[in-house]
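Examination of the molecular architecture
The lines below spell out each chain.
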Amino acid sequence: MIQYAEKQKRTCLELRDKIHMLELMDKNIPRGIICKQFNISKSTLSKLSKTREEVEANAATHAESRKRVRGPMFPELDKALFDWFVQQQIKGCFPGIGNQLMLEKAREFAQTLGLTGFKSATGDLSSSWIERFKLRHAISFKPGSCPLGEARIMSGEHEYRMDS
């Protein structure tokens, strides 16, 4: 009877793990040891090495806990809304910004840009779209010591932190 090697279970790594593996490779740690430590195959590590620049760019612009990095379906709408959001934060308008206002601005920008095709089941931009937008840009509204809360915005290498 033929004996087959045991199939390795698929491992989905977070960006921080990928960056850590790249750092270990930079320190000339043997690839076999890195593969065992993270339970991945040598081909996975090789692919990671080949896509190093992309991984580092993603790590700089996304939360380190992300496992998959997908861009928005309409990047121009995403950029316009994010730029507007940052401008509002700089102006100190944080307390008035919420999901509903962001949704209204997204609709306004979509109309201005002439974008169609992003209808949800309800026939328009939805709150789930705004939630994914906030996840993509690591935007969170957290209650803090201030009754108005705080917002944390990350864009590339810059982090904006606004305390109300």
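For every chain, the first residue of the written sequence is number 1, and numbering continues from 1 onward in sequence order. Owing to the predicted nature of the model, reporting of local features is limited to residues with pLDDT of at least 70; listing and counting of side-chain atom pairs is limited to 80 or more, with chain, interface and lining totals taken over all residues. Side-chain numbers here rest on the full set of heavy atoms in the structure, without hydrogens or water.

Considering helix α4 (residues 52-61)
An α-helix turns once per 3.6 residues; consequently, residues spaced three or four apart project the same way. Listing the buried residues of α4 in full gives V55, N58 and A59. The arc that holds the buried residues of α4, viewed along the axis, is 100°, so those residues lie on one side. Opposite the buried face of α4, at more than 90 degrees from it, the exposed residues are E53 and E54. Where α4 is buried, its residues contact α1 (15-26) and α3 (42-50). Accessibility here uses a 1.4 Å probe with only protein chains present; expressed as a share of the type maximum, an area under 20% marks a residue as buried, one over 50% as exposed, and anything in between as partly exposed. The secondary structure listing takes helices from DSSP runs of H or I that are at least 4 residues long and strands from runs of E that are at least 2 residues long, numbered from the N terminus. Think of the arc as the fan of directions from the helix axis to the C-beta atoms. Whether two residues are in contact is decided by their heavy atoms, any of which lying within 4.5 Å being enough.

Some words on the packing of helix α6 (residues 99-113) against helix α7 (residues 127-136)
Two packed helices can be described by the angle between their axes and the distance between those axes. Where α6 contacts α7, the two axes come as close as 10 Å, and the packing angle between them is 100°. Put simply, α6 runs roughly perpendicular to α7. Residues N99, M102, L103 and A106 of α6 lie in contact with α7, whose contacting residues are S127, W129, I130, E131, F133 and K134. Note on method: axes are straight lines fitted to C-alpha atoms, helices fitted across the in-contact stretch only, with angles between N-to-C directions ranging 0 to 180 degrees. Just so you know how the angles are binned, under 35 degrees is roughly parallel, over 145 roughly antiparallel, 65 to 115 roughly perpendicular, and the rest oblique.

Quick notes on the pattern of salt bridges
Throughout this description, the term salt bridge denotes a Lys or Arg side-chain nitrogen within 4 Å of a carboxyl oxygen of Asp or Glu. A full pass over the atoms with the stated rule returns six salt bridges. Across the salt bridge formed by E108 and K105, the nearest N and O atoms sit 3.1 Å from each other. Of this pair, E108 and K105 are both found in helix α6, three residues apart, which corresponds to roughly one turn of the helix. Relative accessible area serves as the criterion here: at 40%, E108 is assigned to the partly exposed category. Residue K134 is joined to E131 by a salt bridge in which the shortest nitrogen-to-oxygen separation is 3.5 Å.

Focus: the environment of F38
As for its placement among the helices and strands, F38 is situated in helix α2 (residues 31-38). Given a relative accessible area of 13%, F38 falls into the buried group. Not counting the four nearest positions on each side in its chain, F38 is found in contact with T11, D17, H20, M21 and L24.

Brief notes about the layout of surface pockets
We place a 1 Å grid over just the protein atoms. Points where a 1.4 Å probe fits but has no way out form a cavity, open points with protein on both sides within 12 Å along at least 5 of 7 lines form a pocket, and any residue with an atom within 4 Å of a point lines it. Grid points are joined across faces, edges and corners, and a volume is the space filled by probe spheres set on the points. By volume, the largest pocket amounts to about 700 Å³. R10, T11, K18, T44 and K47 are, among the 23 residues lining the largest pocket, the residues nearest its centre. Contributing elements (two or more residues each) for the lining of the largest pocket: α1, α3 and α4. Sorting elements by how many residues they give to the lining of the largest pocket places α3 first, with four residues. By residue class, the composition of the lining of the largest pocket is eight nonpolar, eight polar and seven charged. Asp, Glu, Lys and Arg are counted as charged, while Ala, Val, Leu, Ile, Met, Phe, Trp, Tyr, Cys and Pro are counted as nonpolar; the rest, among them Gly, fall into the polar class.

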